[in-house]
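One-letter residues, chain by chain:
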Amino acid sequence: MQDFRAGRRSVVPVARPEDVQADFVLACGGVFSALAAASRGGYDASELWDAFERLDQLEANMSIPELRPHLNRGRALLSAIRMLGEGMERFLDALAAEDIDEAQRLEASGQAMIESAVAELEPNRHELLKRSVEEGMSPLEAMGRDHAGMLGVGSLQDLQQRVVRVTGLPGQDFSLHLAIEGLDIAAASLDRERYLRLSEAASTLLEGREEILDDADVLEGVQVALLLTEARQATLLAAIEAEEDDLTLTGLALDLVKTVRERGLRAVLVPLVAAALCDSIERVGDMGSGSLLKRASAHIPELELDGLDRLLRDSAAHEDYHVENGLIVLDQGRVRLTPDELLDRVLEVWEFFTGMARGLFISAARAGMPLPEVDRLPPRVQFELVRYFTGLHGLGHVNFEIQGRVAALSGVGMVHSWPGLVAALSPLISEEVLTLEGRFEDSNGDVIYGCAELEAYRALSSERPEQPGCCAQLLKFLPVFASTRYEDTSPIDAQEWLSVAVHVVCEHVDAVPLIDRLRRGREVLQRATQAGVDTRPIKLLLARMRNVGGTGATPRRLWHVPLRGDA
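On a predicted model such as this, the values are computed, not experimentally measured, just so you know.

**Student:** Summarise the sheet that holds strand β3 (residues 335-337); cite the residues concerned and give the values.
**Tutor:** Read across the sheet, three strands follow the order β1-β2-β3 without closing on themselves; strand pairing throughout is antiparallel. Two strands close off the open sheet at either side, each with one partner strand: β1 (321-324) and β3. Direction aside, neighbouring strands of the sheet carry axes that sit 30° apart on average. Pairing geometry for β1 and strand β2 (residues 327-330), over four bridges, is antiparallel. Looking at the pairing, Glu324 lines up with Leu327 of β2. The strands that helix α13 (residues 246-277) touches are β1 and β2; relative to β1, the one it contacts most, it runs at about 150°. The sheet strands contacting helix α17 (residues 339-367) are β2 and β3, and the helix crosses β3 at an angle near 100°.

**Student:** Kindly report on the sheet that holds strand β6 (residues 435-441), identifying the contributing residues and their values.
**Tutor:** Reading across from one edge, β4-β5-β6-β7-β8 is the order of the five strands in this open sheet, with mixed pairing throughout. Whereas interior strands pair on both sides, the edge strands pair on one side only; in this sheet they are β4 (396-403) and β8 (484-486). Taking the axes of each pair of neighbouring strands and ignoring which way they run, one obtains an average angle of 10° across the sheet. The pairing of β4 with strand β5 (residues 406-412) spans six bridges and is antiparallel. Bridging across to β5, Ile402 finds its partner in Ala407. The strands touched by helix α19 (residues 418-425) within the sheet are β5, β6, β7 (447-453) and β8, with β6 carrying the most contacts at an inclination of about 130°.

**Student:** Tell me about empty space enclosed by the protein, and please be specific about residues and values.
**Tutor:** If you roll a probe as big as a water molecule over the atoms, it shows you where there is empty space left. For the coordinates displayed, the defined rule picks out two cavities of 30 Å³ or more. Space inside the second largest cavity adds up to approximately 40 Å³. Every residue along the wall of the second largest cavity is listed here: Arg261, Leu265, Arg266, Leu269, Ser289, Leu292 and Leu293. At the level of secondary structure, the elements contributing two or more residues to the lining of the second largest cavity comprise α13 and α15 (289-299). Of the residues contributing to the lining of the second largest cavity, the split by class is four nonpolar, one polar and two charged.

**Student:** Describe the side chain of Arg358, naming the residues involved and giving the relevant values.
**Tutor:** Within the secondary structure layout, Arg358 lies in helix α17. The exposure class assigned to Arg358 is buried, which follows from its relative accessible area of 12%. Discounting residues that sit within four places of it in the chain, Arg358 has contacts with Leu169, Ile180, Leu183, Asp184, Tyr195, Leu196 and Ser199.

**Student:** Just give me the short version of the nonpolar core, but keep the residues and values in it.
**Tutor:** Ranked by internal contacts, the top residues of the largest apolar core, which has 69 residues, are Leu269, Leu272, Leu305, Phe353, Met356 and Phe361. Ranked by the residues each element gives to this core, the list is headed by α13, at 15 residues. With near-sequence residues (within four places) excluded, Leu272 lies in contact with Ala202, Leu205, Leu206, Ile300, Leu303, Met356 and Leu360. Membership of the second largest hydrophobic core comes to 38 residues, among which are Leu140, Phe174, Leu395 and Phe440.

**Student:** Any chance you could break down the packing of aromatic side chains for me, citing the residues and the numbers?
**Tutor:** Tallied over the entire structure, the rule returns nine aromatic pairs. Ring centres 6.4 Å apart and planes at 40° place the aromatic pair Phe440 and Tyr486 in the tilted group. In this pair, Phe440 sits in strand β6 while Tyr486 sits in strand β8, placing the two residues 46 residues apart along the sequence. Side by side, Phe440 and Tyr486 carry an identical accessibility label, which is buried. Connected via pairs of aromatic rings, a cluster forms that spans Phe174, Tyr388 and Phe389.

**Student:** Quick rundown of a negative patch on the surface? Include the residues and the values.
**Tutor:** Residues Glu200, Glu207, Glu210 and Asp214 make up a contiguous surface patch of negative charge. Considering the arrangement of structural elements, one finds Glu200 in helix α10 (residues 192-205).

**Student:** Describe in detail the pattern of salt bridges, supporting the description with residues and values.
**Tutor:** Overall, the coordinates contain 29 salt bridges when judged by the stated rule. Of the charged contacts in the structure, one is a salt bridge between Asp279 and Arg283, with a shortest N-O distance of 2.7 Å. A salt bridge links Asp314 to Arg313, with the shortest nitrogen-to-oxygen separation between them at 3.3 Å. Residue Asp314 is classed as partly exposed on the basis of its relative accessible area of 24%.

**Student:** Before we move on, can you summarise the packing of α13 against α15 with the specific residues and values?
**Tutor:** Look at α13 against α15: their axes get within 9 Å of each other, and the N-to-C directions meet at 50°. When the interaxial angle is binned, α13 and α15 end up oblique. You can see that α13 and α15 cross each other, and the crossing is left-handed. Facing Arg261, Glu262, Arg266, Leu269, Val270, Val273 and Leu277 of α13, the residues of α15 in contact are Ser289, Leu292, Leu293, Arg295, Ala296 and His299.

**Student:** Requested: an account of the layout of surface pockets, with residues and values cited.
**Tutor:** Of the volumes computed, that of the second largest pocket is approximately 310 Å³. Lining the second largest pocket are 15 residues; nearest its centre among them are Asp217, Gly221, Arg266, Ala267 and Val270. Contributing elements (two or more residues each) for the lining of the second largest pocket: α12 (216-241), α13 and α14 (281-285). If one sorts the elements of the lining of the second largest pocket by residue count, α13 sits on top with six residues. Here the lining of the second largest pocket is built from residues that sort into seven nonpolar, two polar and six charged.

Basis of the calculations
- Residues numbered from 1 in each chain as written.
- Predicted model: local features only at pLDDT ≥ 70, side-chain atom pairs only at ≥ 80, totals over all residues.
- Heavy atoms only, no water.
- Pairing = 2+ DSSP bridges.
- Helix = DSSP H or I, 4+ residues; strand = E, 2+ residues; numbered from the N terminus.
- Axes fitted to C-alpha atoms, helices over the stretch in contact; angles between N-to-C directions.
- Contact = heavy atoms within 4.5 Å.
- 1 Å grid on protein atoms, 1.4 Å probe; cavity = no way out; pocket = protein on both sides within 12 Å on 5 of 7 lines; lining within 4 Å.
- Points joined across faces, edges and corners; volume = space filled by probe spheres on them.
- Nonpolar A, V, L, I, M, F, W, Y, C, P; charged D, E, K, R; others polar.
- Buried < 20%, exposed > 50% of the residue type's maximum accessible area, 1.4 Å probe, protein only.
- Core = buried A, V, L, I, M, F, W, Y, C linked by side-chain atoms within 4.5 Å.
- Phe/Tyr/Trp six-rings, centres within 6.5 Å; stacked < 30°, edge-to-face > 60°.
- Patch = residues over 30% accessible without salt bridge, like charges linked within 9 Å, V, L, I, M, F, W, Y side chains within 5 Å.
- Areas by Shrake-Rupley, 256 points an atom, 1.4 Å probe, with all protein chains shown as cover.
- Salt bridge = Lys/Arg side-chain N within 4 Å of Asp/Glu carboxyl O.
- Lys, Arg positive; Asp, Glu negative; His and termini not counted.
- Charge placed at Lys NZ, Arg CZ, Asp CG, Glu CD.
- Parallel < 35°, antiparallel > 145°, perpendicular 65-115°, else oblique.
- Left-handed = near helix turned anticlockwise from the far one by under 90°.

Structure below.
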């Protein structure tokens, strides 16, 4: 193969391919065909030269950087093409191997590299989530459905541990995990490499500086800035959907940049500069935005702020922009950008903010600092959390409305666990709301109804210190099971209610007087009646328990007495 390597032609980038998939298949097919011909004998170097030149040209053309939001995908494709080329060369080396063992080793190595290249072409998890968002799903709904697929069905109590296994993020704060995952989905449209570098730089700077993160305004300030910038972003996306003119879209894009710089970057840079200068949040917070950026650039070079585009911010501040012949004209006519180039620069500014915000959230997660409580967040964000939990429980196309003292939830799909969903949603709903009603349509068009009294779920955090531990837990959950319906039935059936009654009246015989155990039994009976199940077996149990108490017989005999309704 010496003549092939000596005669292999060099290439230079020309232009990015319009159809990467088609060019990729064509180049691969050509190389495989040339290698097959060479392996059969009658070797002709020109055929290999032509085939590898097409592959080399594709790699060279793909090395021309993509603009955001396609930058990450372009890098992945380039990496795959390079890996594929190396794998093909291993097959070429196998043809010239000195013995069969060496040839087989090279072929196996080449095949492994080709398979890795094909895997590299597959979109990653956050890219798939981004596609769901682009198709109309909200980010948190997409995240919930994604988590549901990986977590399976389980209790609310172990949800946090299962989410930790999925995300691989530090700490145990559920809201921080969701916030970081949301940023990571958005990063699929950014330069993910720089986004993660900025996150690492910010989290490293705040390592061991819990007093900064503990300032009440820091994490809340970042949250508020994210909400404001996301609201601007939503306005821009709505205008794009409405096919507004280029001048309107440019103005909205520049408004977004201005908000990101003045609110977003300020929110993340105040704690970072305070950490770098060993200064207080209050003093650094008094700095103007320009001074803050200069201090950060001078003292924290790893934040790469020298590369931050000032042109868009200045253009927004002075309304120095217009559209001419399809181009966006800025800086008094000195800069002309295509709409794609403007979008790339807008996303770059967003990248600086979200990368550093992620670093702050990672630091907070490691330090055990929580995000602001849910009831302090705007209704729009609370509704997004509703969408997350409904997605997690198998629902899509969700609608949620509060009508007086009733919250109405509707969606499409089968709810994995109606009590679990109610338990997740109850902290998000105002305490003035007493009832949650659900209406769900399955794949066949059949409608299923659910209902739950929210007070019972809110009381789950209360303690019953007068009861033994296991009984306290059982009794605490009884109002939940009694006041919850799904498909017009209780979450637990008559036999399970009886099992609960047997447990609470027959356990702790030596520690709890009979009258107290009977009182617990009557509470189970009351809740079972509320649930609408057959309570005859429980009544029979309590009657026999009273008889045992009156005769002095041992309650252990009850375990041998048939207690079903037909007994």
